[in-house]
Amino acid sequence: MLKITNLHAGIEGNEILKGINLEIKAGEVHAIMGPNGSGKSTLSSVIAGNETYEVYKGEILLNNESLLDYSPDVRAHKGIFMSFQYPVEIPGVTTTNFIKTAINAKRKFLGLEDLPAKDMLKLIKEKAELLEMDRKFLSRSLNQGFSGGEKKRNEIFQMAMLEPKLAILDETDSGLDIDALKIVANGVNKLKTKDNAVLVITHYQRLLDYIVPDYVHVLHDGKIIKSGGKELAFELEEKGYDWLK
Amino acid sequence: MKANNIASYFLELENKGILDLESNIHKIRTKALADFEQLGFPSKKEEEWKYTSLKKILNQEYELFSDKEKTVELKEVKKHFIHEIDSYKIVFIDGVFSSFLSDTSHQGMDICLMSSALKKTKYKIIIDHYFNTITNKDNSLSLLNTAFARQGAFIHIPKNTLVEKPIQIIHFSTKTKKPYFLQPRNLIIIDENSQVKIIEKHQSLADDNFTLTNSVTEIFANKRAVVDYYKIQDDTENTSLLDHTFIQQKEASTVNMNTYSFGGKLTRNNLEFYQNGERIESNLNGITILNNKQFVDNHTLVMHNQPNCESNELYKGIYADSATGVFNGKVIVDKIAQKTNAFQQNNNVLLGEKATINSKPQLEIFADDVKCSHGCTIGQLDDMALFYMQQRGIPKKEAQGLLLYAFGNDVVEKIKIPELKSRITNLIAKKLNVKLGF
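Residues numbered from 1 in each chain as written. Chains lettered and ligands numbered in written order. Predicted model: local features only at pLDDT ≥ 70, side-chain atom pairs only at ≥ 80, totals over all residues.

### Digging into the overall build of chain A
What counts is decided by this rule: Helix numbers and strand numbers start at the N terminus; a helix is a DSSP run of H or I with at least 4 residues, a strand a run of E with at least 2. What the globule rule says is 2.2 Å times the number of residues to the power 0.38, and the radius of gyration is computed from C-alpha atoms. Once C-beta atoms are placed from the backbone, each residue is buried if 20 or more other C-beta atoms lie within 10 Å of its own, exposed if 12 or fewer, and partly exposed for counts between those two. By the criterion used throughout, residues are in contact when their C-beta atoms, derived from the backbone, lie within 7 Å.
Helix and strand content of chain A: seven helices and 12 strands. Taken against the 2.2 N^0.38 rule, which gives 18 Å for 245 residues, the C-alpha radius of gyration of chain A at 18 Å falls within 12% of a compact globule. Expressed along its principal axes, the backbone C-alpha trace of chain A runs to roughly 55 × 40 × 35 Å. Relative to its full complement of 245 residues, chain A shows a buried share of 42%. Here the analysis covers contacts within chain A between residues at least 6 apart in sequence; of these, 71% occur between residues at least 24 apart.

So this is what it looks like as C-alpha cells:
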C-alpha cells in the first residue's frame, strides 16, 4: 500500500532522511524505532506532507500513486492520517465542529454533498461507543485543557471518524502513563482491518506490547539500518541502540 | 471641509431655524463652537492622533444637515436590523428620525429622541443635570458635535427596571450628491439598579457612499446599574466613523462595552470610562478584522478614581492586505484607588507584509496596592496548527479562516444576546472568507 523508495529529505538545506526504503502492505503493522535525532518525526512529517520539509530525492507511493505533489490536505483525502506527538489546541472550535469540518472537506474532495446532520451525529455516536469514549469531550474546545492521554484519545477518535488507509502514530506513547497507553492502543487495535495499515513511530518498546507489530525497523542517522520481526523490539530494549552500530 | 467654515454652517442652520435658539442647550452649543474654532480638527501633530490622519476625509465637501424625513422601504433595510428578536428601535435616516422604522417607548421609561429631550420642558432637569457633563472638553471633535447637537437617541431608564427587550439604535445614510457629515448625539441614563442592552449601528444604504459620521454618546450608569452595549461597525467601504463614547459609572455598576469593527474606510473609536464610586466593573471588548486599505483606531481610557474597582480590556485584531490598526489603551489609577484590578490585553495577527498594527498600552499607576497588567502580542498564524488542520483534510485557506475565527472567539463568547452572537459570528466568517460548517 505504501512504498517509499530512496527517500532523501530535510529542512533548510540539512538532509535528515538519507535514503529510506520502506514497504507497507495492507493489513500490516510496522514499527519504526530509533534514538533521538534519527529522523523518526521527519519521516512521519514528510509522508504527511508537512511543507516545512523538502524532499530532495526519491518517491512515496500510496497505492501506486505518488504523493509528492499533493498538499497535506489532499494526502489526507487519499487516506493518510497522522496522530501528532503534540496535538494542537484550538480554543473556540469544538472537537465536534472540527471533525465535521474535516469530514465534509473530504466529502467535497470526493464530489459528495455535506453529510447530513443526522448521519453525522450517528457516526459520532458510533465511533465514540467503539472507543468507549465519553462524548462530553466532544463539545469542549479541541484539545484545550486536555491531559496528554485525553489528547491522544482524541487523535484516535478522529482517526476512527476519518477511516484512513494508512495511520501514522507519531510517538503516540510519549507522555502517557500505562493506563492511558492501554486505552489508546486498544482504540488503534479496534480500528485495524485487513484493508488498512498502521505505522507506529516510537522510542520505547512498551507501546509495542499492546500494538503488536508485524515488522520492526530501526532508524539511525536518517537510514533504516535493520529490519526484523517483533522480537527485534525486545532485543533493542535489552541491548539499546548502540548494539547495532 | 475646513474648520473655519464651520461657523458659517452654524449660522446658516441657526437662521434656518434648524438649530433651535430657544433650546435649553443653545448656550452650550455656542460655547462649544467657539472652543472648536480655537482647536480646529485634530492633526497628526497631536499625540492622540499620531497614527490617524483625517486629511483625506476632510478634504471633501459635505452636506451638514437634512431636515426632511426620508422614506425607505422596510424590505430594503430589514436585513440591517437584528429582526429575529423583539426590540426597541430608534432609527434615523440621514440624521432625521424615522418614525416609520422606529419603535420607541414612554411607558415607565424613555426610549426616544434627543430632539424631544432638548425641547420639551419635562426633560429640562435631566438635560441640565447630565447633558455635556462628561464629554472631554479638550477633544475638538466632541466640541464640534456639541455645537451641532440636535438629534440622536435619548434613553432614560428609571431605577429598579430590567429592560427585557434590547434597544437597537440605527443610523442609516442614503446616497446624495454631496455626502452627509452626520453628528448624532446620544444621551443614555440608567438609574439605580436597572439593566439595559443596547446595540448601535451606522449603515449606509449605498455601497459607494462617502458618509462621515462624528458621533458622541454620554452614558451614565448609576448605582448598581448594568449596561451591555454593542457597537457594530460594519458599514460600506467608503464611509468614515469618528465615535466618542463617554461613560460615567457610579458605585457597583457594570458596563460591558463591545466594539466589532469590520467595515468602513476609516474608523476612530474613543472610549472614556470614569469610575466614580467603589466596586465598579468596566469591561471593554473588541474585535477588529480588516483587509484592503481599511483603517481602525481604538483609543480607550479607564480612569480608576476610587478603590476596589475592576477593569478588563480585551481587544483582538486581524489585519490582511494593507490594512492598518491602532490600539492605544490608557489606564490611570488614582493614588486613592487601592485594590484596583486592571487587566489589559491586545492580541493581533498580521496576515501579510503590508498589514500594520500600532499598539500602545499606557498604564499610569499612582496607588501601590493594585493588580495591573497589560499584554500585547503581534504574530502570524501558527504553522504547526495550520499543518495539523491540513493533515485532517482541511485545505489551507479554510484552515487559516478557522484559526482566525478561533482567535477572535473568546471576545465573541462574551455576547449576551444569542441572535446577536450568531449574527456577529456570521459576519466574522464572511469577513474571513470561511464557511463555518457549524
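### Comments concerning the pairing of strand 12 (residues 254–261) of chain B
Sheet faces and side chains relate simply in a regular strand, where the side chains alternate between the two faces. All names here are of chain B. Selection rule: Should DSSP find at least two bridges between two strands, the strands are taken to pair.
Within strand 12, six of the eight residues are buried, which leaves the element mostly enclosed by the surrounding structure. Where strand 10 (residues 226–233) and strand 12 come together, eight bridges link them in parallel fashion. Of the residues in strand 12, the one forming a bridge with Lys231 is Thr259. Looking at chain direction, strand 12 and strand 14 (residues 281–290) are connected through eight bridges and run parallel. Note that in strand 14 the partner of Thr259 across the bridge is Gly286.

### Section: the domain arrangement of chain B
All names here are of chain B. Let me state the cut-off plainly: Domain boundaries shown here were taken from an automatic or database domain assignment. Three residue categories are used. Nonpolar comprises Ala, Val, Leu, Ile, Met, Phe, Trp, Tyr, Cys and Pro, charged comprises Asp, Glu, Lys and Arg, and polar comprises the others, including Gly.
Annotation of chain B at the domain level lists domain 1 (3–276) and domain 2 (389–438). Computed from C-alpha atoms alone, the centre-to-centre distance between domain 1 and domain 2 is 30 Å. Every contact between the two is made by 12 residues of domain 1 and, on the other side, 10 residues of domain 2. When contributions to the side of domain 1 that touches domain 2 are tallied by element, the ones reaching two or more residues are strand 8 (195–204), strand 10 and strand 12. Its residues assigned to classes, the side of domain 1 that touches domain 2 comprises seven nonpolar, one polar and four charged.

### Here we look at the packing of helix 9 (residues 396–412) of chain B against helix 10 (residues 418–431) of chain B
Residues and elements named next belong to chain B. Defined as follows: A fitted line through C-alpha atoms represents every axis, and for helices the fit uses only the stretch in contact; the resulting angles, taken between N-to-C directions, go from 0 to 180 degrees. Angle categories: roughly parallel below 35 degrees, roughly antiparallel above 145, roughly perpendicular from 65 to 115, and oblique for all the rest. The handedness criterion is simple: a crossing whose near helix is rotated anticlockwise from the far helix by less than a right angle is left-handed, and one whose near helix is rotated clockwise is right-handed.
Two elements in contact, helix 9 and helix 10, have axes whose closest approach is 11 Å; the angle formed by their N-to-C orientations is 155°. Of the possible angle classes, the one that applies to helix 9 and helix 10 is roughly antiparallel. Our pair here, helix 9 against helix 10, has a crossing hand that is right-handed. Here Tyr405, Gly408 and Val412 of helix 9 lie close against helix 10, whose contacting residues are Lys421, Ile424, Thr425, Ile428 and Ala429. Residues belonging to the contact of helix 9 with helix 10 are distributed by class as follows: five nonpolar, two polar and one charged.

### Remarks on the environment of Tyr319 of chain B
Residue and element names in this part refer to chain B. Position of Tyr319 among the secondary structure elements: in strand 16 (residues 310–319). Here the alpha-carbon distance between Tyr319 and Asn291, two residues 28 residues apart in the chain, equals 6.0 Å. Sequence-distant contacts of Tyr319, defined by excluding residues within four places in its chain, comprise Leu290, Gly325, Asn348, Leu350, Leu351, Ala355, Thr356 and Ile357.

### Some words on the sheet that holds strand 12 (residues 223–228) of chain A
Residue and element names in this part refer to chain A. A sheet is described by the order of its strands in space; here six strands give the open sequence 6-9-10-3-11-12, paired in mixed fashion. The sheet is open, and its two edges are formed by strand 6 (80–83) and strand 12, each paired on a single side. Direction aside, neighbouring strands of the sheet carry axes that sit 20° apart on average. Note that strand 11 (residues 215–220) and strand 12 share five bridges and pair antiparallel. Bridged to Val218 within strand 12 is Lys226. Strands in contact with helix 1 (residues 40–48) are strand 3 (29–33), strand 6, strand 9 (166–170), strand 10 (197–202) and strand 11; relative to strand 9, the strand with the most contacts, it is inclined by about 150°.

### Re the nonpolar core
Soluble globular proteins tend to bury their nonpolar side chains together. To keep things clear, this is the line we draw: For the purposes of this analysis, a nonpolar core is taken to be any set of buried Ala, Val, Leu, Ile, Met, Phe, Trp, Tyr and Cys residues that are connected through C-beta atoms within 7 Å.
Ile168, Val198 and Val200 of chain A together with Ile190 of chain B are the most contacted members of the largest nonpolar core, which totals 171 residues. Looking at this core, the element that brings in the most residues is helix 9 of chain B, giving eight residues. A domain split of this core shows at least three residues from each of domain 1 (3–276) and domain 2 (389–438) of chain B. Sequence-distant contacts of Ile190 of chain B, defined by excluding residues within four places in its chain, comprise Ile157, Val196, Phe220, Ala221, Asn222, Ala225 and Val227 of chain B.

### Quick notes on the interface of chain A and chain B
The extent of an interface is frequently quoted as the accessible surface area lost upon association of the parts. Listed per partner, the contact involves 24 residues of chain A and 21 residues of chain B. Only helix 2 (72–78), strand 7 (90–94) and helix 3 (95–109) of chain A provide two or more residues apiece to the side of chain A that touches chain B. By residue number, the principal contributor to the side of chain A that touches chain B is helix 3 of chain A, which donates seven residues.

### A short note on helix 10 of chain B
Each full turn of the α-helix corresponds to 3.6 residues, which orients residues three or four apart in the same direction. All names here are of chain B. Convention followed: Expected helix span is computed as 1.5 Å times (number of residues minus one). An arc is given here, and it is the one of the directions from the helix axis to the C-beta atoms.
Over its 14 residues, helix 10 extends 20 Å from the first C-alpha to the last, a length consistent with the 20 Å expected when each residue adds 1.5 Å. Looking only at helix 10, the buried set comprises Leu420, Ile424, Ile428 and Lys431. In a view along the axis of helix 10, the buried residues occupy a sector of 75°, so they form one face of it. Seen from the buried face of helix 10, the exposed residues on the opposite side, beyond 90 degrees, are Pro418 and Asn426. Immediately beyond the C-terminal end of helix 10, within one or two residues, lies Asn433, with a positive phi of roughly 60°.

### Brief notes about helix 2 (residues 26–39) of chain B
Residues and elements named next belong to chain B. When the terminal C-alpha atoms of helix 2 are compared, their 20 Å separation across 14 residues agrees well with the 20 Å that a helix rising 1.5 Å per residue should span. Arg29, Ala32 and Phe36 are the residues of helix 2 that are buried. Burial along helix 2 is one-sided: seen end-on, the buried residues are contained in an arc of 65°. Opposite the buried face of helix 2, at more than 90 degrees from it, the exposed residues are Lys27, Ala34 and Gln38. Buried residues in helix 2 make contact with helix 1 (6–15) and helix 7 (140–147).

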